[in-house]
Amino acid sequence: MSFRRLKSKTQVFIAPDGDHYRTRLTHSIEVAQIGRVLARALGLDEDLTEALCLAHDLGHPPFGHAGEAALSEAMARHGGFCHNAQALRTVMRLESPYPEHEGLNLTWDLLEGLAKHNGPVIAPNWALAELDRDFPLDLGTWPSLEAQIAAVADDIAYDNHDIDDGLRAGFLQLEDLMELPFLAGQWRMVEKRFPRADRERLLRELVRDQIGLMVNDVLEHSRAQTEGFKSVAAIRDAGRQLAGFSPEMQENERALKAFMYEKLYYHPEQVAAAERARDVVARLFAAYSQDASLMPEDWHARLPDHDPARSRTIADFIAGMSDRFAIRACEEIYGERPGGLTNV
């Protein structure tokens, strides 16, 4: 169920009216597509890579990072909130369809990869530490190559698809993209290959070319870095990331991220919508904390009496909401529909 709810959770734009903007679900599918290509070319476990890609965002609350910031603030006295740890909590505790055990029937490799696909976790928060105590995940080492590939596939997907959505929404213009020399070079090559194509098609081709360029860079660099490693244990004991961008592409990718934060993620309209989204989540947390009967009966019935467990369970409930569910819940509780959340 958590995976299905990703269809109505924010990727870049909150609760978009347009049908073609990406959500956490479509983003996760696109990450999996890139991840499988990389895994196949590198001779890795495609199924494990795909599962990691599809599950990596399961812990995101409604409204993306704005919702996470609100939950982190609300949970400050109770250990905080981290979407990556929440993904593990979701598959190991909250999604429990089996009568004989908690959680889903997932392999150690998948859980380990979800826990640390971005690298070793030296100081896990309460949620991840609690799960690791019950089912040790070797948090201090680097993860499998499949997990490293899932992480870089995530970067490739949102770096480029967020450009696509930003252009569609009018928050980005071609002239903005030309500020980045490596994107400007790619654009000139696209124009040269398709001199008679209209600008809209050329922009889509630019995004595709960028993905291909990044994928090929990862393949070349990862092959060179992993040469001579004969076992999964050796990969985990390497003490460094082995699968990822070359230094040159990493520099370009960081420049692209900085550009996207300036032009898109921190655009004044985006910031304003994010603040209103944070307020929705904060108000929901306050309401459920003051009157737990506002929660559905099955959640209310198992709500612990004391903190931190009580607040952590309320955070679990809110984190599982879609954008639309959170908006509707806030309207039902406070009698007024939150406005100003959708800007596309």
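Right above here is the structure, for reference.
Residues numbered from 1 in each chain as written. Predicted model: local features only at pLDDT ≥ 70, side-chain atom pairs only at ≥ 80, totals over all residues. Heavy atoms only, no water.

The next subject is a nonpolar patch on the surface. On the surface, Y261, Y266 and V271 cluster together into a nonpolar patch covering about 310 Å² of accessible area. With respect to the helices and strands, V271 occurs in helix α14 (residues 268-290). (Patch = residues over 30% accessible without salt bridge, like charges linked within 9 Å, V, L, I, M, F, W, Y side chains within 5 Å. Areas by Shrake-Rupley, 256 points an atom, 1.4 Å probe, with all protein chains shown as cover. Salt bridge = Lys/Arg side-chain N within 4 Å of Asp/Glu carboxyl O. Helix = DSSP H or I, 4+ residues; strand = E, 2+ residues; numbered from the N terminus.)

If you walk through the whole model with that rule in mind, you get 32 salt bridges. The partner of D164 in a salt bridge is R204, and the shortest N-O contact between them spans 2.7 Å. Remark: R204 occurs in helix α11 (residues 199-226) and D164 occurs in helix α8 (residues 145-169); sequence separation between them is 40 residues. Residue class for D164 comes out buried when judged on its relative accessible area of 6%. Judged by relative accessible area, which is 17%, R204 ranks as buried. (Buried < 20%, exposed > 50% of the residue type's maximum accessible area, 1.4 Å probe, protein only.)

When the terminal C-alpha atoms of helix α10 (residues 181-193) are compared, their 19 Å separation across 13 residues agrees well with the 18 Å that a helix rising 1.5 Å per residue should span. For α10, the set of buried residues is F182, L183, A184, G185, Q186, W187 and V190. Each element contacted by the buried residues of α10 is listed here: α8, α9 (174-177), α11 and α13 (247-265). (Expected span 1.5 Å × (residues − 1). Contact = heavy atoms within 4.5 Å.)

Helix α16 (residues 309-319) sits mainly inside the fold: nine of its eleven residues count as buried. All buried positions along α16 are accounted for by S311, R312, T313, I314, A315, D316, F317, I318 and A319. Elements in contact with the buried residues of α16: α4 (64-74), α5 (83-94), α7 (126-134), α14, α15 (297-301) and α17 (323-334).

The next point concerns the nonpolar core. One finds L38, F63, L88, L256, L284, Y288 and I318 to be the most contacted residues of the largest nonpolar core, which totals 101 residues. With ten residues, α8 is the single largest residue contributor to this core. If sequence neighbours within four positions are ignored, L88 has contacts with R93, L111, L114, A115, L128, L131 and L137. (Core = buried A, V, L, I, M, F, W, Y, C linked by side-chain atoms within 4.5 Å.)

Let's shift gears to the side chain of D159. Within the secondary structure layout, D159 lies in helix α8. Discounting chain neighbours no more than four positions away, the residues touching D159 are M214, E253, L256, K257 and M260.

With their axes 9 Å apart at the nearest point, helix α3 (residues 46-55) and α8 run at an angle of 45° to one another. If you check the angle between α3 and α8, you find them oblique. The way α3 lies across α8 gives a crossing that is right-handed. Seen from α3, the contacting residues are L48, T49, L52 and C53; seen from α8, they are E146, A147, I149, A150 and A153. Taken together, the residues of the contact of α3 with α8 break down into seven nonpolar, one polar and one charged. (Axes fitted to C-alpha atoms, helices over the stretch in contact; angles between N-to-C directions. Parallel < 35°, antiparallel > 145°, perpendicular 65-115°, else oblique. Left-handed = near helix turned anticlockwise from the far one by under 90°. Nonpolar A, V, L, I, M, F, W, Y, C, P; charged D, E, K, R; others polar.)

Throughout the structure, instances matching the rule amount to seven aromatic pairs. Seen in terms of ring centroids, Y261 and Y265 are 4.9 Å apart; in terms of plane orientation they differ by 75°. Their pairing is edge-to-face. Linking Y261 with Y265, this pair stays in helix α13, spanning four residues, or about one helical turn. Ring geometry for Y288 and F317: centres 5.4 Å apart, planes at 70°, overall edge-to-face. Of this pair, Y288 sits in helix α14 while F317 sits in helix α16; the two residues are 29 residues apart in sequence, bridging distant segments of the chain. (Phe/Tyr/Trp six-rings, centres within 6.5 Å; stacked < 30°, edge-to-face > 60°.)

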